[in-house]
Amino acid sequence: MLYATHALEHTDGDVRQFLTSYLDQQCGLLATTTADHPRALELVGDEELRERLVAVHRRSLRL
C-alpha cells in the first residue's frame, strides 16, 4: 500500500485509476486487521522487526 501510494503521485490515466481502486480496497481490508495485529506481533521474536511492523501498519492505516 505504501508503494502504491507513492506510485500514485507519479501516474495518471488508467494506472492512476487502478491504483486508486486498489488502495480503496486494501484500506478496507487492512482496517479489519486492527484488532488482530497486536496479537500477531506477539509471535515476532525480533524486537526491531516487531517495531517496524507496528510502524508500517500504523502508517498504512492513515492512508
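Bear in mind the structure is a predicted one, so any value in this text is a computation, not a measurement.

Undergrad: What exactly am I supposed to notice about the overall build of the protein here?
TA: Secondary structure summary: the protein contains four helices and zero strands in total. The burial tally for the protein puts 19% of its 63 residues in the buried class. Contacts in the protein between residues at least 24 apart in sequence constitute 45% of all its contacts with a sequence separation of at least 6. As displayed, the protein offers around 5000 Å² of accessible surface, 54% of which is attributable to carbon and sulfur atoms.

Undergrad: Explanation requested: the packing of aromatic side chains in the structure shown.
TA: Taken as a whole and judged by the stated rule, the model has one aromatic pair. Judged by centre distance (6.5 Å) and plane angle (15 degrees), the ring pair of Phe18 and Tyr22 falls under stacked. One end of the pair is Phe18 and the other is Tyr22, both in helix α2 (residues 13-31) and four residues apart, which spans about a single turn. Relative accessible area serves as the criterion here: at 55%, Phe18 is assigned to the exposed category.

Undergrad: Looking at this model, I keep getting lost on the nonpolar core. Mind explaining?
TA: Inside soluble globular proteins, nonpolar side chains tend to come together where they are buried. Ala4, Ala7, Leu8, Leu19 and Leu23 form the largest nonpolar core, which has five residues in total. Among the secondary structure elements, those contributing two or more residues to this core are α1 (2-8) and α2. Considering each element in turn, this core owes the most residues, three residues, to α1.

Undergrad: Got a minute to help me understand helix α4 (residues 47-61) in this structure?
TA: An α-helical segment advances 3.6 residues per turn. Residues three or four places apart therefore align on the same side. Helix length check: α4, at 15 residues, gives a terminal C-alpha distance of 21 Å against a target of 21 Å (1.5 Å per residue), a fit within 8%. Taking the backbone nitrogen of Glu48 as reference, a side-chain oxygen 3.1 Å away marks Asp46 as the first, capping residue of α4.

Undergrad: Can you help me understand a negative patch on the surface in this one?
TA: There is a patch of like negative charges on the surface, built from Asp46, Glu47, Glu48 and Glu51. Among the structural elements, Glu48 can be located in helix α4. A residue is classified by how much of its surface remains accessible, and Glu48, at 65% relative accessible area, is exposed.

The rules behind the values
- Residues numbered from 1 in each chain as written.
- Predicted model: local features only at pLDDT ≥ 70, side-chain atom pairs only at ≥ 80, totals over all residues.
- Heavy atoms only, no water.
- Helix = DSSP H or I, 4+ residues; strand = E, 2+ residues; numbered from the N terminus.
- Buried < 20%, exposed > 50% of the residue type's maximum accessible area, 1.4 Å probe, protein only.
- Contact = heavy atoms within 4.5 Å.
- Areas by Shrake-Rupley, 256 points an atom, 1.4 Å probe, with all protein chains shown as cover.
- Phe/Tyr/Trp six-rings, centres within 6.5 Å; stacked < 30°, edge-to-face > 60°.
- Core = buried A, V, L, I, M, F, W, Y, C linked by side-chain atoms within 4.5 Å.
- Expected span 1.5 Å × (residues − 1).
- Polar contact = N/O pair within 3.5 Å; in protein donor to acceptor, adjacent residues only side chain to side chain.
- Patch = residues over 30% accessible without salt bridge, like charges linked within 9 Å, V, L, I, M, F, W, Y side chains within 5 Å.
- Salt bridge = Lys/Arg side-chain N within 4 Å of Asp/Glu carboxyl O.
- Lys, Arg positive; Asp, Glu negative; His and termini not counted.
- Charge placed at Lys NZ, Arg CZ, Asp CG, Glu CD.

Such coordinate-based values are descriptive only and should not be taken to indicate function.
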